[in-house]
Structures are given as C-alpha cells and as structure tokens.
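Coordinate analysis (summary)
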Amino acid sequence: TYGSPNSRREFTQGEVETRLLELVFRLLKRGPVDLIAHRGTLQRALQVLTGQIDCPMIGSSYVKSEVAVYRECGYCIDEVLIAGSVPGKAALGNGRYIRVYGKGDRVPVDRGHSSRITLSAFMSRPDDPVLEYSDVAYRVALSDHADFEGTLQYILATGAKYVITDNTRGGNGVRLALEIKSRLGLAARPSSNQASREWGA
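What you see is a predicted model, and the numbers here were worked out from it, not measured in a lab.

The secondary structure content of the chain amounts to six helices and nine strands. Taking all 201 residues of the chain together, the buried fraction comes to 42%. Considering only intrachain contacts with a sequence separation of at least 6, the fraction spanning at least 24 residues in the chain is 68%. For the chain, the exposed area adds up to about 11600 Å²; of that, 51% sits on carbon and sulfur atoms.

Quick look at the environment of Val 48 now. Residue placement: Val 48 occurs in helix H2 (residues 41–49). Spatially, the C-alpha atoms of Val 48 and Thr 18 are 8.4 Å apart, while their sequence positions differ by 30 residues. In this structure, Val 48 is in contact with Glu 17 and Leu 21, ignoring residues within four places of it in sequence.

Spatial ordering of the open sheet is given by S3-S2-S4-S1-S5-S7-S6, a layout of seven strands whose pairing is mixed. The open sheet has two edge strands with one neighbour each: strand S3 (81–82) and strand S6 (130–134). Summarising the sheet, strand S2 (residues 57–59) and strand S4 (residues 98–101) pair through two bridges and their orientation is parallel. Note that in S4 the partner of Ile 58 across the bridge is Arg 99. Taken strand by strand, helix H1 (residues 13–28) contacts strand S1 (33–36), S4, strand S5 (115–120), S6 and strand S7 (137–141), and its axis lies near 160° from that of S7.

Cut-offs applied
- Residues numbered from 1 in each chain as written.
- Predicted model: local features only at pLDDT ≥ 70, side-chain atom pairs only at ≥ 80, totals over all residues.
- Heavy atoms only, no water.
- Helix = DSSP H or I, 4+ residues; strand = E, 2+ residues; numbered from the N terminus.
- Buried < 20%, exposed > 50% of the residue type's maximum accessible area, 1.4 Å probe, protein only.
- Contact = heavy atoms within 4.5 Å.
- Areas by Shrake-Rupley, 256 points an atom, 1.4 Å probe, with all protein chains shown as cover.
- Pairing = 2+ DSSP bridges.
- Axes fitted to C-alpha atoms, helices over the stretch in contact; angles between N-to-C directions.

Keep in mind these numbers describe shape, not what the thing actually does.
In structure tokens form, the structure reads like this:
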C-alpha cells in the first residue's frame, strides 16, 4: 500500500490511538459522537475506547453481531447496544453516547447535535493523523498498513531472499521492487498483471 519512499509517517500508531481517545473525550463533552469506519478498523477503535470511556456505544444489529464474534474470539471490546432498543435519556448517559456505523450502515445526513469521526485505514498526512474538517467533523488515520519504512523492516524480518511486490492495483509495486533491490540488496520484482493459472487461480 505504501511502497513509495514518500509514504513515511512521522507518528506511531500508538500516538494515533491516543489522539483518537483524546478527540472522543473532547467531543463527548458536547454531546453524542458518531464513529464511522469499515470492518476491522471499527473494531480496533472500539478496543481503544473500551474501558476508557463511561458512556454507551450504540450500533446496528449487524455491528452488534460482528462485535459479538470479536468478543467470542477474545478481543476486549465493550458491548454495543442496538440502536432504538435503549430506553430513556438516562440510559444514554444524558446525551453522552457513541453511535458506531460500520460498512453498509446508513449514516444519517442530519446528525442533530452529534460530532462525527470518520476512521480511515489509510494515511492522510505524514505529519498528523487527525484531519479537522470543522469543529464537529474529523478524520483519523487509524491505519494497520505499514508505511514505507515499516514495509522494508518487515521484509528484512522475514528473512526473504526473493520478493514479489503487488503490482495489480496500479500502486507502487514497481517502485517498491526497485527500492528493495537498492536499499536491501535483495532480489525483487513486481508481480505480472497477466492472468495465470500457475498458483491455481
């Protein structure tokens, strides 16, 4: 994903998690917070928030069932309540709650008084993982992709002698293969974009 030398982060993912937590704390003082992300990224964010916030998390029955699977597999994630099943304002922490939206959930256009945090699995800026659109709308780069340096470190750690980079999506496959050769001294080439049955495809 980040096969170019220009794709370097100046922050750690631990720092991103701290920034996310601080942002949620700050926004909850004003009212509800909408948290929007794809599968995997959403559950990671819920892990970060678990045990740190004192308010309910509300989502669709689909998000609730996904979280249940994560919990059954040992992930420490607070329970997600189903939207519409929570009676009374007191049960919603007097206006302090987090609505979580996963892939396929319809995010309302009119959010009322809530703030919105969209989580991205991709890097936004190299120097800051938080992008502020307005005082109620943010994007946080909670990525599980390694940046360029992390990718090179991973390749070294595998002990690989020959590397084929992914060149199928028009990314940085060619550039990464060249960098692996020059920086690590390993044999490398980009993958072919031709259809082949060599690997059972």
